[in-house]
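Single-letter residue listing:
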Amino acid sequence: MGKVTIIDFWASWCGPCRAENPNVVALYNEFHPQGLNIISVSLDNEKSKWTEAIAKDKLTWNHISNLKKWDDPIAKMYQVDAIPATFLLDENGIIIAKNLSANALRTKITSLLENK
């Protein structure tokens, strides 16, 4: 975990997820040196499509997939019923925000990392 961690639920077949990926990449590139980490949880069920999307979208952080689509145990634990879904965690792993839009997410991360 970092000072701030995003848990990002997505899938290669999810158009809105793929459209959001460039914003997530920009956040990571800008804020990772200051303590932002991202863990992506994919709701894919085909490993090749999942790994191709990671490479194509240049997602350079840690990724997890149980290749169980909506039956993914991590998604069930977080009660994810739609994607993209994001959870913002503090350094103790406590959820402090969820499903913020790109601009709201950037604003929240900026305020959290400025106070560290």
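Enquirer: Help me get a handle on the packing of helix H1 (residues 15-31) against helix H4 (residues 102-114), residues and values and all.
Expert: Put simply, H1 and H4 touch, their axes get as near as 11 Å, and they point 15° apart. Taken together, the axis directions place H1 and H4 in an arrangement best described as roughly parallel. Handedness of the H1/H4 crossing: right-handed. Where H1 approaches H4, its residues Glu20, Asn23, Ala26, Leu27, Glu30 and Phe31 are matched on the opposing element by Ala102, Leu105, Arg106, Ile109, Thr110 and Leu113. Within the contact of H1 with H4, the residues separate by chemical class into seven nonpolar, two polar and three charged.

Enquirer: Before we move on, could you go through the pairing of strand S5 (residues 95-98) and cite the residues and values that matter?
Expert: When strand S4 (residues 85-90) meets S5, the two strands line up antiparallel, connected through three bridges. Looking across to S5, one finds that phenylalanine 87 is bridged to lysine 98. A loop of four residues connects S4 with S5, the two strands running antiparallel in sequence, and glycine 93 in this loop sits at a positive phi of about 80°.

Conventions and cut-offs
Residues numbered from 1 in each chain as written. Predicted model: local features only at pLDDT ≥ 70, side-chain atom pairs only at ≥ 80, totals over all residues. Heavy atoms only, no water. Axes fitted to C-alpha atoms, helices over the stretch in contact; angles between N-to-C directions. Helix = DSSP H or I, 4+ residues; strand = E, 2+ residues; numbered from the N terminus. Parallel < 35°, antiparallel > 145°, perpendicular 65-115°, else oblique. Left-handed = near helix turned anticlockwise from the far one by under 90°. Contact = heavy atoms within 4.5 Å. Nonpolar A, V, L, I, M, F, W, Y, C, P; charged D, E, K, R; others polar. Pairing = 2+ DSSP bridges.

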